[in-house]
Amino acid sequence: MKKISIVVPCYNEEANVGPLRDALVEMFHRDLPGYRYEILFIDNDSQDRTREILREMCAQDKDIKAIFNAKNFGQFNSPYYGMLQTTGDCTILMAADFQDPVEMIPKYVKEWENGYRIVIGIKKSSQENKVMYWLRGCYYKLIKKLSDVEQIEQFTGFGLYDRKFIQVLRDLDDPTPFLRGIVAELGFRRKEIPYEQPRRKAGKTSNNFYKLYDAAMLSFTSYTKVGLRLATIFGSICSAVSMVVALVYLVLKLLYWDRFAAGMAPLLIGMCFLGSVQIFFIGLVGEYVLTINSRVMRRPLVVEEERINFDTEEENGGDL
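Residues numbered from 1 in each chain as written. Predicted model: local features only at pLDDT ≥ 70, side-chain atom pairs only at ≥ 80, totals over all residues. Heavy atoms only, no water.

Draft legend 1. Just the overall build of the protein chain, in detail. What the protein chain contains, in helices and strands, is 12 helices and eight strands. Considering only intrachain contacts with a sequence separation of at least 6, the fraction spanning at least 24 residues in the protein chain is 82%. Carbon and sulfur atoms make up 59% of the accessible area of the protein chain, which amounts to about 17,200 Å² in all. (Helix = DSSP H or I, 4+ residues; strand = E, 2+ residues; numbered from the N terminus. Contact = heavy atoms within 4.5 Å. Areas by Shrake-Rupley, 256 points an atom, 1.4 Å probe, with all protein chains shown as cover.)

Draft legend 2. Representation of the packing of aromatic side chains within the structure. Per the counting criterion, the structure on display carries six aromatic pairs. On the basis of an interplanar angle of 75° and a centroid distance of 6.5 Å, the ring pair of F165 and F188 is categorised as edge-to-face. Of the two residues, F165 sits in helix α6 (residues 163-172) while F188 sits in the loop between α7 (179-186) and β7 (190-197), which places them 23 residues apart along the sequence. One aromatic cluster is present, formed by Y108, F158 and Y195 through successive ring pairs. Positioned over the ring face of F188 is R117, at 5.6 Å from the centre of the ring. Between the NZ or CZ atom of R307 and the centre of the ring of F310, over which it lies, the distance is 4.2 Å. (Phe/Tyr/Trp six-rings, centres within 6.5 Å; stacked < 30°, edge-to-face > 60°. Lys NZ or Arg CZ within 6 Å of the ring centre and 35° of its normal.)

Draft legend 3. Looking closely at the pattern of salt bridges. For the structure on display, the rule yields 13 salt bridges. Its salt-bridge partner being E38, residue K65 comes within 2.7 Å of it at the nearest N-O pair. Of this pair, K65 sits in strand β3 (residues 64-69) while E38 sits in strand β2 (residues 36-43), and the two are 27 residues apart along the sequence. A relative accessible area of 6% places K65 in the buried class. For the salt bridge of R307 with E304, the shortest nitrogen-to-oxygen distance reads 2.6 Å. Overall, the relative accessible area of 15% leaves R307 in the buried class. Here the residues in one salt-bridge network are E26, R30 and D31, joined through shared partners. (Salt bridge = Lys/Arg side-chain N within 4 Å of Asp/Glu carboxyl O. Buried < 20%, exposed > 50% of the residue type's maximum accessible area, 1.4 Å probe, protein only.)

Draft legend 4. Spatial organisation of the packing of α6 against α7. The contact between α6 and α7 brings their axes to 12 Å, and the two run at 110°. Classed by the angle they form, the pair α6 and α7 counts as roughly perpendicular. Classified by chirality, the crossing of α7 by α6 is right-handed. Contact residues: α6 offers F165, L169 and L172, while α7 offers L179, I182, V183 and L186. Across the contact of α6 with α7, the residue classes tally to seven nonpolar, no polar and no charged. (Axes fitted to C-alpha atoms, helices over the stretch in contact; angles between N-to-C directions. Parallel < 35°, antiparallel > 145°, perpendicular 65-115°, else oblique. Left-handed = near helix turned anticlockwise from the far one by under 90°. Nonpolar A, V, L, I, M, F, W, Y, C, P; charged D, E, K, R; others polar.)

Draft legend 5. Molecular detail of the sheet that holds β2. Across the sheet, which stays open at both edges, the eight strands sit in the order β7-β5-β6-β4-β1-β2-β3-β8 with mixed pairing between neighbours. The open sheet has two edge strands with one neighbour each: β7 and β8 (304-308). Along the sheet, successive strands turn relative to each other by an average axial angle of 20°, direction set aside. Pairing geometry for strand β1 (residues 3-10) and strand β4 (residues 90-93), over four bridges, is parallel. Paired with I4 across the two strands is C90, which belongs to β4. (Pairing = 2+ DSSP bridges.)

So, in structure tokens, the structure goes:
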């Protein structure tokens, strides 16, 4: 009997983990009775009762597992690490807040059995804030045009991944993984299934401007060269224009000394403009350097504090 692993990243989801467990178990019994399941919750240092609830659920069902991180390791490392710890024939990554519909899982499994090693959900509409959905759509279109790898629009990571692709992730050994880009760059032939993203069922999202910016810049610096190329090209153009303006101004000043003796305004404006351009591109280059630095330092994806319902063999082979 094939085993399906479900990975659910958690952070302050005390109101959602129990109902999600119930919905998943009911779905397996109703729609996928011919499969075994493994539900792995990986908690990113929640500050509410999430861990207490997870311990209770693990005690009730040995097919429910939990990993507790020693601290919050971010929105990318934790789910990625959880996927590497699964033992199923395929792994499904989904959010704990019900914005990834449980009813999509049987559709994923059906396409997986039809031969697709990767089956992902694509948001065609959303019940979330319309402005945020529009902004995300603009970002996806922009990064798709700028990236060397054809990125996947409106893809959050929610999907099914065959164990062979999970092995690709293990072999990749990336300390700063961006799953959405990896699926686009290294993934097998995939099936995309559209869905409407519902509202969060309970609780408050932990996403904020900084986290969204972090996600955007990780994608931008990992899969595009346009920032550095733009800095080089625009810097060269500005340098050339500055040289021309400086020469013209010098000639005019020599020819019309009386008129240009006190005319410092053009120089000051030019200096301020070039200074602001330099600061912008230094910051942009700094984003690339930050990404490189994170990869070179080779820190672990996460540090575990505790794992529950993993047998001895899995515990010995699970640390990364």
